[in-house]
Amino acid sequence: MNGIETLLNDGDPVVAVVGATDTPWKYGNRIYRDLKAKGIRVYPVNPTSSTVDGDTAFANLAELPEVPDIVNFVIPPTRTLSVLERASDHGLATVWLQPGAGDDAVVAYLVEHEISYVADDCIMIRARARAEEQ
């Protein structure tokens, strides 16, 4: 297990889901609801929605009430890179790229800025439910 998975499962991380949505068939919805159901503190980030799953949604990472430990991307690579570039001054330390959210340019940006990341892996599969650990 890498350091990000350890943080996800053995710590009490705050996770921001960039691309969270109320559209039921989209992975941004499935991932947000899955992490929330597992007891993980999670914030939805979506510039076009005011709420996701009944929770206040934030237009960007800078608006979050706390700095997330993990930022999970569920958006296309060009948008991922744009969000990363705008968030570089906000203490971004760890990134989780869902399959399809990253490409060579995104990975190069993460490496250049020394941001820890997981790429092309599903956070829903890797995250254990908090109830299982109690």
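As shown above, the structure is provided for reference.
For the structure given in this document, a descriptive report is provided here. Every chain is numbered independently, its residues counted from 1 as its sequence is written. With the structure being a predicted model, the display of local features is reserved for residues of pLDDT at least 70 and the display and counting of side-chain atom pairs for 80 or more, all residues being used for whole-chain, interface and lining totals. Water and hydrogen atoms play no part in the side-chain values, which are based on all heavy atoms of the structure.

Details of the side chain of Thr21
Phase 1 of the analysis: Position of Thr21 relative to the elements: it lies in the loop between strand E1 (14–18) and helix H2 (27–37).
Phase 2 of the analysis: Take Thr21: its relative accessible area is 10%, and that puts it in the buried class.
Phase 3 of the analysis: The contacts of Thr21, once residues within four sequence positions are left out, are Lys26, Gly28, Asn29, Asn46 and Val52. For helices the rule is a DSSP run of H or I covering at least 4 residues; for strands it is a run of E covering at least 2, with both sets numbered from the N terminus onward. For each residue, the accessible area found with a 1.4 Å probe, counting protein chains only, is set against the maximum for its type, and the residue is called buried under 20%, exposed over 50%, and partly exposed in between. Only heavy atoms matter for contacts: two residues are in contact if any of them lie within 4.5 Å across the pair.

A closer look at the nonpolar core
Phase 1 of the analysis: The definition of a nonpolar core used throughout is a set of buried Ala, Val, Leu, Ile, Met, Phe, Trp, Tyr and Cys residues joined through side-chain atoms within 4.5 Å. Within the largest apolar cluster, 23 residues are counted, with the highest numbers of intra-cluster contacts made by Val18, Leu61, Phe73, Leu84, Leu92 and Val95.
Phase 2 of the analysis: The set of elements that each furnish at least two residues to this core consists of E1, strand E2 (41–45), strand E5 (70–73), helix H3 (77–87), strand E6 (94–97) and helix H4 (104–112).
Phase 3 of the analysis: In terms of residue count, the dominant contributor to this core is H3 (four residues).
Phase 4 of the analysis: Beyond its immediate chain neighbours, meaning those up to four positions away, Val95 contacts Ile4, Val71, Phe73, Leu84, Leu110, Ile115, Ser116, Tyr117 and Val118.

Here's the deal with unusual backbone geometry
Phase 1 of the analysis: Non-glycine residue Asp53 carries a positive phi angle of around 55 degrees.
Phase 2 of the analysis: Mapped onto the fold, Asp53 is located in the loop between strand E3 (51–52) and strand E4 (55–56).
Phase 3 of the analysis: Of note, Glu114 is a non-glycine position whose phi angle comes to about 55 degrees, a positive value.
Phase 4 of the analysis: Its location among the elements puts Glu114 in the loop between H4 and strand E7 (116–119).

Some points on the pairing of E5
Regular strands show a simple pattern: their side chains alternate between the two faces of the sheet.
Phase 1 of the analysis: The alternating pattern of E5 places Ile70 and Asn72 and Val71 and Phe73 on opposite faces, both of which are buried.
Phase 2 of the analysis: Bridge count for E1 against E5 is four bridges, and the pairing is parallel. Bridge pairing links Ala16 to Val71 in E5.
Phase 3 of the analysis: The rule for pairing is simple: two strands pair if DSSP sees at least two bridges between them. Pairing of E5 with E6, which is carried by three bridges, proceeds in the parallel orientation. The partner of Asn72 across the bridge, within E6, is Trp96.
Phase 4 of the analysis: Each parallel crossover has a hand, and for E5 linked through H3 to E6 it is right-handed. Assignment of crossover handedness uses the view with strands pointing away from the viewer, where a clockwise path from the first strand over the helix to the second indicates a right-handed crossover.

Here's the deal with the pairing of E6
Phase 1 of the analysis: Burial of E6 is two-sided: the residues Thr94 and Trp96 facing one way and the residues Val95 and Leu97 facing the other way are all buried.
Phase 2 of the analysis: Crossover handedness for the path E6 to H4 to E7: right-handed.

Some points on the environment of Ala20
Phase 1 of the analysis: Take Ala20: it is sitting in the loop between E1 and H2.
Phase 2 of the analysis: Exposure remark for Ala20: the relative accessible area of 0% places this residue in the buried category.
Phase 3 of the analysis: Note: C-alpha distance between Ala20 and Asn46 (26 residues apart in sequence) is 6.1 Å.
Phase 4 of the analysis: Apart from residues no more than four positions distant in its own chain, Ala20 is found in contact with Gly28, Tyr32, Pro44, Val45, Asn46 and Val52.

Comments concerning the sheet that holds E7
Phase 1 of the analysis: Here we have five strands laid out as an open sheet, ordered E2-E1-E5-E6-E7, and parallel in their pairing. Since the sheet does not close on itself, it has two edges, and those belong to E2 and E7, each with one partner. In this sheet, adjacent strand axes meet at a mean angle of 20 degrees when their direction is disregarded.
Phase 2 of the analysis: Interaxial angles span 0 to 180 degrees and are taken between N-to-C directions of axes, which are lines fitted to C-alpha atoms, for helices over the stretch in contact. H3 rests against E1, E5 and E6 of the sheet, and its axis sits at about 155 degrees to E5.

Distances and angles like these do not, on their own, reveal function.
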